[in-house]
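Descriptive analysis of the structure
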Amino acid sequence: MGISRDEIEHLAELSSLSLSEAEISSLGADMERVIAYFDQLNELDTTDVEPTFQVFPMENVWRADEVVQFEAGRAELLALAPEVKDDQIKVPRVL
Amino acid sequence: MKKSDGKSSLERVKEALAAAKKYEAYNIFTKLNEKKALARAVEIDRRIAAGEEVGRLAGVPYALKDNFSDPDDLTMASVEMLKNYHAPVTATAVKRIEDEGAIMIGWTNMDAFAHGASTENSVFGVTLNSRDKTRVSGGSSGGSAVAVALDIVPFALGSDTGGSIRQPASYNGVFGMKPTFGAVSRYGVVAMASSTDTVGCLAQTAEDTRLVMSIMAGEDEKDHTTLPDFFDQPVETSKLRVGVIGDFMGEGVDTEVVGAVKDYIKKLEKAGHEVAEVSLPILKYALAVYYIVVPAEISSNLSRYDGIRYGYRAKDAKTLGEIYGRSRDEGFMPENKRRIMIGNFVLSSGFFDAYYLKAQKVRTLIIKAYEEAFEKYDVLVCPVAPGPAFKVGEHDDDILKLYLEDVMTTPPSLAGLPALAAPAGETKSGLTVGVQLIGPRGSDARLLQLAAEIEGAK
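To start, this report covers the structure provided alongside it. (Residues numbered from 1 in each chain as written. Chains lettered and ligands numbered in written order. Predicted model: local features only at pLDDT ≥ 70, side-chain atom pairs only at ≥ 80, totals over all residues. Heavy atoms only, no water.)

**A look at the overall build of chain B**
Of the regular secondary structure elements, chain B holds 14 helices and 11 strands. In terms of overall dimensions, chain B is globule-like: its C-alpha atoms have a radius of gyration of 21 Å, near the 23 Å expected for 458 residues. Along the first, second and third principal axes, the C-alpha atoms of chain B reach 70 × 65 × 45 Å. For chain B, the proportion of its 458 residues judged to be buried stands at 66%. Long-range pairs, those at least 24 residues apart, make up 75% of the contacts in chain B between residues at least 6 apart in sequence. When the accessible area of chain B is evaluated, it comes to approximately 15,600 Å², of which 50% is carbon and sulfur surface. (Helix = DSSP H or I, 4+ residues; strand = E, 2+ residues; numbered from the N terminus. Rg over C-alpha atoms; globule rule 2.2 N^0.38 Å. Buried < 20%, exposed > 50% of the residue type's maximum accessible area, 1.4 Å probe, protein only. Contact = heavy atoms within 4.5 Å. Areas by Shrake-Rupley, 256 points an atom, 1.4 Å probe, with all protein chains shown as cover.)

Written out as structure tokens, the structure reads:
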């Protein structure tokens, strides 16, 4: 199947990626090739087959309801943020 | 572990660091851990002299893939996005290895965020093959494989989501273990695809691989997808039923690869194991399933990189949209973006059923085919990759060809099975070829013991 430029731009928006012109055209071409490869799955009949989303054998893993101190402190975590003000992570105005 | 020959930890670490520098042209390490490694060696020698308990890996130098967290320094996953990232935690696998006295001498190069099969897709440039510098090291754990192959260190840690330990092991003639899904804690390892990510190691012998894996394995309260340690249980390897996956021994596979794997199979027969050919035609669909499911999980896992809480932020980005969009465009490598876009495509409305859900249904068929095969066979055997190491830049113009490198390593990943890459032989031009041993979940130790048995056989 072909992927239109509009679709690539829509996916870039969903992906929060500000792509350049060159990236839009090269990504479009690559994705078309890869997605065409996926079409071979249509050769298989999967009627009544349940999907498998994960392969871990257990359903629930419980732990005691106790507070476990995280190994890193508040200051260390804040130090990772590009912009901090008054001990808070700063974000631009949203509204 | 290779005998220390009476050398002190300090001497061993100095030798490893000297070798790392000697082989600088291969671009194996993103950074050496010189100062801290030397200080730690002195400390371990002091403890040995004082008669203290120092552990099963006392004074053994090792290398660490660049996606394991270690608060001593940066964890970069070989990508701009994390270039200044000081991980605030220690990966459980690293902690367990270091608690046994091993000494980390440097971080190894990898495909950015572990997306790739060649270690070409790194912000630090390509890591070259240990046998031929015009060829790739494989990936994504390319640096770890070459560090072990060139005998800089006896073992290195890696991660394997769809072949990232096994394929570089095969390309460089070393052992590489992808354990059963859940065998080793992933806490502190940069996430790629949560339903197939595993932590394992690359080493020079099957026995060393077993030792390192058994140390790392076991439950971890920080990762609730971990299983109880099954490495120390006794294993039975006398007369195993071995199934050779015929579908991966014919068309499209290099004849020298097939030859080396057949030689290995002869050794298995000579050792008294019962060998038969098995056909699993469903496995050829695994690659398409993998490149739907894994990008889908990547698109979710990598959404955390927003330029706000940690990681790269684009200069002068003002609005929230600009911070997200430009930080991610500038911080990710092209292959990261490709996978995020494919992932969001297969998950987006209108395509979800046709691609994502269909793939997860075919995944069920793949798991069933393995289960049926394991009723008749204890171990399945096939090559690790269709060919030996390819040339640097060979797949630059065709992303699908690079993905096809993973055709034999992705099926066990989707089913959560243990898979071991073991050296099988060499091509006429001296490139290495690996064989893949695959078993039911939890049979990791048996695969390693079988490989140890064949290792010395002629």
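**A short note on the sheet that holds strand 4 (residues 155-160) of chain B**
All names here are of chain B. The strand order across the open sheet built from 11 strands is 1-3-2-4-6-5-10-11-9-7-8, with neighbouring strands paired in mixed fashion. Every other strand in the sheet has two partners, leaving strand 1 (29-32) and strand 8 (274-278) as the edge strands with one partner each. For this sheet, the mean inter-axis angle between neighbouring strands, taken without regard to orientation, is 30°. Where strand 1 and strand 3 (residues 103-108) come together, 3 bridges link them in antiparallel fashion. Paired with Phe-29 across the strands is Thr-108, a residue of strand 3. In the packing of helix 2 (residues 34-49) onto the sheet, contacts are made with strand 1 and strand 3, and the angle to strand 3 comes to roughly 160°. (Pairing = 2+ DSSP bridges. Axes fitted to C-alpha atoms, helices over the stretch in contact; angles between N-to-C directions.)

**Digging into the interface of chain A and chain B**
The interface of chain A with chain B comprises 56 residues on the first partner and 70 residues on the second. Of the roughly 5,300 Å² buried where chain A meets chain B, counting both sides, 69% is carbon and sulfur surface. Taken together, the links from chain A to chain B amount to 5 salt bridges. Between B:Arg313 and A:Glu83 there is a salt bridge, and its shortest N-O distance comes to 2.9 Å. The interface formed by chain A and chain B holds 20 residue pairs in polar contact (both at pLDDT 80 or more) in total. Ranked by the residues each element gives to the side of chain A that touches chain B, the list is headed by helix 2 (residues 21-38) of chain A, at 9 residues. Considering only residue class, the side of chain A that touches chain B consists of 34 nonpolar, 9 polar and 13 charged. (Buried area = accessible area lost by both parts, 1.4 Å probe. Salt bridge = Lys/Arg side-chain N within 4 Å of Asp/Glu carboxyl O. Polar contact = N/O pair within 3.5 Å; in protein donor to acceptor, adjacent residues only side chain to side chain. Nonpolar A, V, L, I, M, F, W, Y, C, P; charged D, E, K, R; others polar.)

**Side note on the packing of aromatic side chains**
Residues and elements named next belong to chain B. Using the criterion set out here, one finds 19 aromatic pairs over all chains in the structure. When the centroid spacing of 5.0 Å and the interplanar angle of 50° are considered together, the rings of Phe-113 and Tyr-305 count as tilted. A residue pair is termed long-range when its members are at least 10 positions apart, and Phe-113 in the loop between strand 3 and helix 4 (142-149) and Tyr-305 in the loop between helix 8 (286-301) and helix 9 (320-331) qualify at 192 residues. Of the two residues, Phe-113 and Tyr-305, both sit in the buried class. Judged by centre distance (6.1 Å) and plane angle (85°), the ring pair of Tyr-171 and Phe-390 falls under edge-to-face. Note that Tyr-171 is positioned in helix 5 (residues 166-172) and Phe-390 in the loop between strand 9 (379-383) and helix 12 (399-404), a separation of 219 residues in sequence. Assessed through its relative accessible area of 1%, Tyr-171 is described here as buried. The structure contains a cluster of three or more aromatic residues connected by ring pairs, namely Tyr-85, Phe-113, Tyr-305, Tyr-310 and Phe-332. A cation over a ring is seen here: Lys-31 above Trp-107, with NZ or CZ 4.2 Å from the ring centre. (Phe/Tyr/Trp six-rings, centres within 6.5 Å; stacked < 30°, edge-to-face > 60°. Lys NZ or Arg CZ within 6 Å of the ring centre and 35° of its normal.)

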